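Coordinate analysis (summary)
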Amino acid sequence: METPNAQKRFFTKQLINWHHTDNNRQLPWKSEKDPYKIWLSEIILQQTRAQQGLPYYLNFTKAYPTIRKMAAANDEDVYRIWQGLGYYNRCRNMLATARYISNELNGKFPDTHEGIIALKGIGPYTAAAIASFAYGLPHAVVDGNVYRVLARFFGIDTPSDGTAGKKLFHSLAQELLYKEDSAAYNQAIMDLGATVCTPQKPLCDSCPLQKQCIAYKQDMIALLPVRAKKLKVKDRHFNYLLLTNEDRIWVHKREGKDIWHNLHELYLIETDKPVGIVELQKIAAYKALAINGKPTLIEGMKQQLTHQTIHSKFYSLAIGKPDAAVFEDGKWVYIKDLKKLAFPKTIVSFLEKNFYF
Ligand code: SF4
């Protein structure tokens with residue numbers, strides 16, 4: 001589809017004007033020029049809403065005002081500040097990148113697009129954001145907000161998550177970029193998508209693009225952007241045993257490629273469907289504990305991740321004399337020290353509710 005040049009010029013001009021006159025969105029990292037802080041905000045904001053990410057940004061910049069300070073931190077402290085944000089791969093990559101820049105690049109953040117995109121955990125969107133905000137380089141950001149604004153304004157019904165759609169939206173975004181001030185342009189389109197052209201109930205009457213917006217004129221707002229794939233969400237059933245021994249609790253650090261990598265958890269028995277106490281006690285992982293007592297169900301919780309729904313059930317079970325060989329995969333931690341460890345959100349909620357924190 002060929003888009004008329006006049007419509008493209010209108011788009012860029014209106015967007016920049018709006019940014020300088022009516023864009024009131026306040027966020028602490030806006031107008032920031034330190035690439036470390038921009039990078040930090042962008043990593044936090046991947047898959048996280050700005051309001052939710054805000055306290056994390058403030059906590060991180062307070063604890064680690066420079067990339068060298070973050071690089072020198074111990075893993076557990078960084079994970080604890082990250083706790084609750086989810087997608088822990090981001091935290092792991094963030095720490096690895098901070099150490100790489102500190103050790104290999106003498107603490108200096110790369111100042112070219114190629115150098116930035118080569119860093120661990122940085123994709124095209126984050127690279128364009130850092131390159132434009134920190135250095136004024138001409139790279140357009142393309143994320144969910146941008147897909148939505150462009151699809152609606154230009155009336156594009158090519159799925160934004162297909163190969164052809166990605167190519168089309170990226171090249172259109174790059175063409176529309178206001179190269180004299182790429183930072184202002186990128187900030188403007190992100191803010192317009194977040195505050196005016198929102199997924200539901202966009203504020204078309206306050207939109208600077210309304211006059212030439214195809215979706216508005218043709219009543220297609222609810223239909224755009226089009227997505228080809230429906231998100232498949234998998235249900236998982238986690239049966240957690242809160243194993244107690246006097247004033248200690250057994251915890252284990254998750255490893256492997258699964259969710260919550262590097263976070264701690266209680267003794268987990270995962271099942272492919274919901275099970276009750278009797279069935280639970282017949283499972284090999286339960287029998288491996290070699291204990292006689294009956295677990296007591298405390299409560300169930302649900303946590304929604306992007307691709308998974310985690311149904312957790314928490315049981316308590318007191319262990320008189322723990323057999324070291326049975327529990328060698330984890331450690332017994334005093335209740336007063338639990339707060340020093342990083343846990344997934346579900347377990348934090350459980351521990352808080354049951355006064356272990
Ligand atoms: S007029 Fe409405 S649909 Fe069109 S870009 Fe503006 S907010 Fe989005």
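So, on to the site of the ligand. Every residue near the ligand is listed here: Arg152, Cys197, Pro202, Cys204, Cys207, Gln210, Cys213 and Ile221. Most atoms of the ligand, that is more than half of them, are within 2 Å of grid points of the largest cavity. Taken together, the residues that form the shell around the ligand break down as six nonpolar, one polar and one charged.

Across the interface, helix H2 (residues 35-45) lies against helix H3 (residues 50-63) with an axial gap of 9 Å and an inter-helix angle of 140°. Between H2 and H3, the angle is such that the two are oblique. Along this stretch, H2 crosses H3, giving a crossing that reads as right-handed. Two secondary-structure elements touch here, H2 through Lys37, Leu40, Ser41, Ile44 and Leu45 and H3 through Ala50, Gly53, Tyr56, Tyr57, Phe60 and Thr61. Here the contact of H2 with H3 is built from residues that sort into seven nonpolar, three polar and one charged.

This part takes up the domain arrangement of the protein. According to the domain assignment, the protein consists of domain 1 (5-223) and domain 2 (234-353). The C-alpha-based centres of domain 1 and domain 2 are spaced at 37 Å. The partner domain 2 presents 15 residues to the eight residues of domain 1 that form the contact. Note on domain 1 versus domain 2: buried area summed over both sides is about 940 Å², and carbon and sulfur give 50% of it. The three residues of domain 1 that bury the most area against domain 2 are Glu76, Gln83 and Tyr88, which together make up 48% of that side's buried surface. Scanning the region where domain 1 abuts domain 2 turns up zero salt bridges. One can count five residue pairs in polar contact (both at pLDDT 80 or more) joining domain 1 with domain 2. Top element by residues in the side of domain 1 that touches domain 2 is helix H5 (residues 75-82). It accounts for three residues.

Residue placement: proline 344 occurs in the loop between strand S7 (330-334) and helix H15 (345-353). A sequence separation of 47 residues divides proline 344 from leucine 297, and the C-alpha atoms of the two residues are 20 Å apart. Setting aside anything within four residues of it in sequence, one finds proline 344 in contact with Tyr88, Trp260, Leu263 and His264.

Aromatic rings considered in pairs are described by the distance between their centres and by the relative angle of their planes. All chains considered together, the criterion is met by 18 aromatic pairs. Plain terms: the ring middles of phenylalanine 10 and phenylalanine 153 are 6.1 Å apart, the flat faces sit at 5° to each other, and that makes the pair stacked. Placement of phenylalanine 10 in helix H1 (residues 5-21) and of phenylalanine 153 in helix H9 (residues 144-154) is noted, with a sequence separation of 143 residues between them. For phenylalanine 10, a relative accessible area of 15% translates into the label buried. Of the residues examined, phenylalanine 153 reaches a relative accessible area of 1% and is grouped as buried.

Now for the pairing of strand S2 (residues 248-253). Bridge analysis of strand S1 (residues 234-245) against S2 gives two bridges, and the strand direction is antiparallel. Within S2, the residue paired with asparagine 245 across the bridge is arginine 248. What sits between the antiparallel neighbours S1 and S2 is a turn of two residues, in which glutamate 246 has the positive phi angle 50°. Sheet analysis places S2 next to S7, joined by five bridges and oriented antiparallel. The residue of S7 that forms the bridge with isoleucine 249 is valine 333.

Let us now look at the environment of proline 124. If you trace the backbone, proline 124 turns up in helix H8 (residues 124-135). Sequence-wise, proline 124 and alanine 215 are 91 residues apart; in three dimensions their C-alpha atoms are separated by 27 Å.

Turning to empty space enclosed by the protein, a few remarks are in order. Inspection of every chain in the model, using the stated rule, returns one cavity of 30 Å³ or more. Volume-wise, the largest cavity comes out at about 140 Å³. Residue lining of the largest cavity: 15 residues in total, with Arg152, Cys197, Cys204, Cys207 and Cys213 positioned closest to the centre. Looking at which element gives the most residues to the lining of the largest cavity, the answer is H9, with three residues.

In this structure the tally under the stated criterion is 14 salt bridges. Between arginine 227 and aspartate 161 there is a salt bridge, with the nearest N and O atoms lying 4.0 Å from each other. Highlighted residues: arginine 227 in the loop between helix H12 (214-217) and S1 and aspartate 161 in the loop between H9 and helix H10 (163-176), separated in sequence by 66 residues. A relative accessible area of 11% places aspartate 161 in the buried class. The shortest N-O distance in the salt bridge between aspartate 258 and arginine 254 comes to 3.1 Å. When its relative accessible area of 31% is taken as the criterion, aspartate 258 is described as partly exposed. The exposure class assigned to arginine 254 is buried, which follows from its relative accessible area of 7%. By sharing partners, the salt bridges in this structure join Arg236, Arg254, Asp258, Glu265 and Glu270 into a single network.

Thresholds, definitions, all that
Residues numbered from 1 in each chain as written. Predicted model: local features only at pLDDT ≥ 70, side-chain atom pairs only at ≥ 80, totals over all residues. Heavy atoms only, no water. Near = heavy atom within 4 Å. 1 Å grid on protein atoms, 1.4 Å probe; cavity = no way out; pocket = protein on both sides within 12 Å on 5 of 7 lines; lining within 4 Å. Sits in = over half its atoms within 2 Å of the grid points. Nonpolar A, V, L, I, M, F, W, Y, C, P; charged D, E, K, R; others polar. Axes fitted to C-alpha atoms, helices over the stretch in contact; angles between N-to-C directions. Helix = DSSP H or I, 4+ residues; strand = E, 2+ residues; numbered from the N terminus. Parallel < 35°, antiparallel > 145°, perpendicular 65-115°, else oblique. Left-handed = near helix turned anticlockwise from the far one by under 90°. Contact = heavy atoms within 4.5 Å. Domains from an automatic or database assignment. Buried area = accessible area lost by both parts, 1.4 Å probe. Salt bridge = Lys/Arg side-chain N within 4 Å of Asp/Glu carboxyl O. Polar contact = N/O pair within 3.5 Å; in protein donor to acceptor, adjacent residues only side chain to side chain. Phe/Tyr/Trp six-rings, centres within 6.5 Å; stacked < 30°, edge-to-face > 60°. Buried < 20%, exposed > 50% of the residue type's maximum accessible area, 1.4 Å probe, protein only. Pairing = 2+ DSSP bridges. Points joined across faces, edges and corners; volume = space filled by probe spheres on them.

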